[in-house]
Amino acid sequence: KAGVTQTPRYLIKTRGQQVTLSCSPISGHRSVSWYQQTPGQGLQFLFEYFSETQRNKGNFPGRFSGRQFSNSRSEMNVSTLELGDSALYLCASSLGSGERLGAFFGQGTRLTVV
Amino acid sequence: KNEVEQSPQNLTAQEGEFITINCSYSVGISALHWLQQHPGGGIVSLFMLSSGKKKHGRLIATINIQEKHSSLHITASHPRDSAVYICAVLSGTASKLTFGTGTRLQVTL
């Protein structure tokens, strides 16, 4: 069965623009979590969606938003990009909640803001 | 102080050596993951633990819930084990992971 798919893999944007990243979970998985990884802050939790509802949110400004569709695919959007948003954005999927969360990660989208 | 602390931050070993990476956490958890990240970014989950010990090939992971401590051991290390190893905890009923800062392992011939 196909793994977690993130698109695009690489992206270059200019300050002030907005960007949308996509994550397709493993078939049958209903939970999608998003994470930001930077050299300075490491991996940090952005938000988690389950059955189209945001179930948990990390400590990020409102410029970071997300949504989940009925087929469990998820998108995250970052508006008014800043240089500091340059990072690797990872998503992970799982069947539901609980201890299996975090078991399956995508390859990530590397965003560079110039 | 971070909720999840890993040590060491960097580790260089020669092929064949036994390696231990440690993870301590300060919150109550429902599970702990050991993750491996190769250059290029993709993350692979090696183990998910809620108690005791797990073994997969040359990798062994242990957790002591009372002491809030976990270790990842690699026996007979190999250059292909070179990667960043990250400890992540799932705390309580929260549906999110909190990560350690990672241990960069380099295994040389």
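Everything below is about the structure shown above.
The model shown is predicted, which means the values in this text are computed figures rather than measured ones.

Reading the values: the criteria
- Residues numbered from 1 in each chain as written.
- Chains lettered and ligands numbered in written order.
- Predicted model: local features only at pLDDT ≥ 70, side-chain atom pairs only at ≥ 80, totals over all residues.
- Heavy atoms only, no water.
- Helix = DSSP H or I, 4+ residues; strand = E, 2+ residues; numbered from the N terminus.
- Rg over C-alpha atoms; globule rule 2.2 N^0.38 Å.
- Buried < 20%, exposed > 50% of the residue type's maximum accessible area, 1.4 Å probe, protein only.
- Contact = heavy atoms within 4.5 Å.
- Areas by Shrake-Rupley, 256 points an atom, 1.4 Å probe, with all protein chains shown as cover.
- Lys, Arg positive; Asp, Glu negative; His and termini not counted.
- Charge placed at Lys NZ, Arg CZ, Asp CG, Glu CD.
- Buried area = accessible area lost by both parts, 1.4 Å probe.
- Salt bridge = Lys/Arg side-chain N within 4 Å of Asp/Glu carboxyl O.
- Polar contact = N/O pair within 3.5 Å; in protein donor to acceptor, adjacent residues only side chain to side chain.
- Nonpolar A, V, L, I, M, F, W, Y, C, P; charged D, E, K, R; others polar.
- Phe/Tyr/Trp six-rings, centres within 6.5 Å; stacked < 30°, edge-to-face > 60°.
- Pairing = 2+ DSSP bridges.
- Axes fitted to C-alpha atoms, helices over the stretch in contact; angles between N-to-C directions.

A. Quick peek at the overall build of chain B. Scanning chain B for helices and strands turns up zero helices and eleven strands. Listed by position from the N terminus, the elements making up chain B come as β-β-β-β-β-β-β-β-β-β-β. Relative to the globule expectation of 13 Å for 109 residues, the C-alpha radius of gyration of chain B, 13 Å, shows essentially globular dimensions. Taken along the three principal axes of its C-alpha coordinates, chain B extends 45 × 30 × 25 Å. Per-residue burial for chain B yields a buried fraction of 46% across its 109 residues. Taking the contacts inside chain B whose residues are at least 6 apart along the sequence as the reference set, 54% of them involve residues at least 24 apart. Accessible surface, chain B: about 5,200 Å² in total, of which carbon and sulfur atoms supply 50%. For chain B, the separation between the mean place of its 9 positive charges and that of its 6 negative charges on side chains is 7 Å.

B. The environment of R15 of chain A, seen in detail. When you line up the elements, R15 of chain A lands in the loop between β2 (10–13) and β3 (19–24). When near neighbours in sequence (up to four residues on either side) are disregarded, R15 of chain A contacts L81, E82, L83, V113 and V114 of chain A.

C. Structural view of the interface of chain A and chain B. Across the contact, 20 residues belong to chain A and 19 residues belong to chain B. Taken together, both faces of the contact between chain A and chain B bury some 1,600 Å²; the carbon and sulfur share is 59%. At the junction of chain A and chain B, the tally comes to zero salt bridges. Taken together, the connections running from chain A to chain B amount to one residue pair in polar contact (both at pLDDT 80 or more). At the level of elements, β4 (31–38), β5 (42–50), β6 (53–57) and β9 (87–94) of chain A are the ones that each hand at least two residues to the side of chain A that touches chain B. For the side of chain A that touches chain B, the per-class residue count stands at eight nonpolar, seven polar and five charged.

D. Quick peek at the packing of aromatic side chains. Across all of its chains, the model carries five aromatic pairs over all chains by this definition. A centroid spacing of 5.8 Å and a plane angle of 45° characterise the contact between Y35 of chain A and F105 of chain A, whose relative ring orientation is tilted. Pair noted here: Y35 of chain A is in strand β4 and F105 of chain A is in strand β10 (residues 104–105), with a separation of 70 residues, a long-range link. You can call Y35 of chain A buried: its relative accessible area is 0%. Exposure remark for F105 of chain A: the relative accessible area of 8% places this residue in the buried category. Here a set of aromatic residues connected by ring pairs shows up, and it is made of Y35, F45 and F105 of chain A together with F99 of chain B.

E. Region of the structure containing the sheet that holds strand β7 (residues 64–68) of chain A. Residue and element names in this part refer to chain A. Judged by pairing direction, the sheet is antiparallel, and its four strands sit side by side in the order β1-β3-β8-β7 without closing on themselves. In the strand order of this sheet, the two ends are held by β1 (5–7) and β7, each with one partner. On average, each strand axis in the sheet is inclined to that of its neighbour by 20°, with strand direction left out of account. Here five bridges tie β7 to strand β8 (residues 74–78), and the two strands are oriented antiparallel to one another. Residue pairing across strands places R67 opposite E75, the latter belonging to β8.

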